[in-house]
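# Structure assessment
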Amino acid sequence: MTRKRPSPSVRWAALGGAAAIAAYGAGTVYGLAFTNPLDVCADKTGDGMYMDAGRDYTLTSVSVDSFAPSITCHWSSGHSTQAVWFWTAPLLYAGLACAAVCCALLLINRRRNP
């Protein structure tokens with residue numbers, strides 16, 4: 001009995017799915033964003049204010065998105081910073097696109113070769 005190797009489309013679909021899962025996991029696990037995003041953005045001072053590391057600006061608000069995972073910290077200076085790694089969203093979307101295209105190719109090839 002010989003073992004048949006998976007086609008390149010199957011390999012790329014699995015690789016794309018794994019990349020998407022890894023990127024989503026990295027984005028949500030970073031600082032446990034969904035439990036307390038204030039602690040991810042800033043440090044709490046003795047008087048209960050959240051300040052940045054340089055103690056120049058106070059934290060005004062935090063925006064949390066679950067897909068693609070992001071934590072946006074809004075400061076009193078008017079600037080915003082991203083607390084989740086910059087590569088999570090592109091890797092997530094690239095992995096999903098790769099998996100979707102490869103699955104479509106598998107379905108097309110299946111109809112051609114029953």
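Residues numbered from 1 in each chain as written. Predicted model: local features only at pLDDT ≥ 70, side-chain atom pairs only at ≥ 80, totals over all residues. Heavy atoms only, no water.

## So, the overall build of the protein
- Along the backbone of the protein there are three helices and five strands.
- Ordered by position from the N terminus, the helices and strands of the protein form the series α-α-β-β-β-β-β-α.
- Here the C-alpha coordinates of the protein stretch approximately 70 × 30 × 20 Å along the principal axes.
- Counting over 114 residues, the protein shows a buried share of 26%.
- Contacts spanning at least 24 positions in sequence make up 46% of the contacts within the protein whose residues lie at least 6 apart.
- Here the protein displays about 7,800 Å² of accessible surface, and carbon together with sulfur accounts for 62% of that area. (Helix = DSSP H or I, 4+ residues; strand = E, 2+ residues; numbered from the N terminus. Buried < 20%, exposed > 50% of the residue type's maximum accessible area, 1.4 Å probe, protein only. Contact = heavy atoms within 4.5 Å. Areas by Shrake-Rupley, 256 points an atom, 1.4 Å probe, with all protein chains shown as cover.)

## What about the state of the cysteines?
- For the structure shown, the criterion picks out one disulfide.
- Between Cys41 and Cys73 runs a disulfide, and the two sulfur atoms are separated by 1.8 Å. One quick way to see it: the torsion about the S-S bond of Cys41 and Cys73 is about -80°, and its sign makes the bridge left-handed. Here the residue Cys41 occupies a position in helix H2 (residues 37-41), and Cys73 occupies one in strand S4 (residues 70-75), the gap between them amounting to 32 residues.
- Residue class for Cys41 comes out buried when judged on its relative accessible area of 14%.
- With no disulfide of its own, Cys98 lies 4.3 Å from the sulfur of Cys102, the closest cysteine sulfur. (Disulfide = S-S within 2.5 Å.)

## Some words on the pairing of strand S3 (residues 59-65)
- Taken together, the six bridges between S3 and S4 define a ladder with antiparallel strand orientation. Within S4, the position partnered with Leu59 by the bridge is Trp75. (Pairing = 2+ DSSP bridges.)

## Considerations on unusual backbone geometry
- For the bond running from Phe67 to Ala68, omega is -20°, close enough to zero to count as cis.
- Take Ala68: it is sitting in the loop between S3 and S4.

## Concerning the sheet that holds S3
- Ordered in space as S3-S4-S5, the three strands form an open sheet in which the pairing is antiparallel. At either margin of the open sheet sits one strand with a lone partner, and together these are S3 and strand S5 (80-82). Between one strand and the next, the sheet's axes are offset by a mean angle of 20°, whatever the strand orientation. (Axes fitted to C-alpha atoms, helices over the stretch in contact; angles between N-to-C directions.)

## Considerations on the environment of Asp47
- Within the element layout of this structure, Asp47 appears in the loop between strand S1 (43-44) and strand S2 (50-51).
- With a relative accessible area of 62%, Asp47 lands in the exposed category.
- Within the local environment of Asp47, its side chain forms a polar contact with the backbone nitrogen of Met49, the two atoms lying 3.5 Å apart. (Polar contact = N/O pair within 3.5 Å; in protein donor to acceptor, adjacent residues only side chain to side chain.)

## With respect to the side chain of Thr88
- Locating Thr88 in the fold gives a position in helix H3 (residues 88-112).
- Judged by relative accessible area, Thr88 falls into the buried class, the value being 1%.

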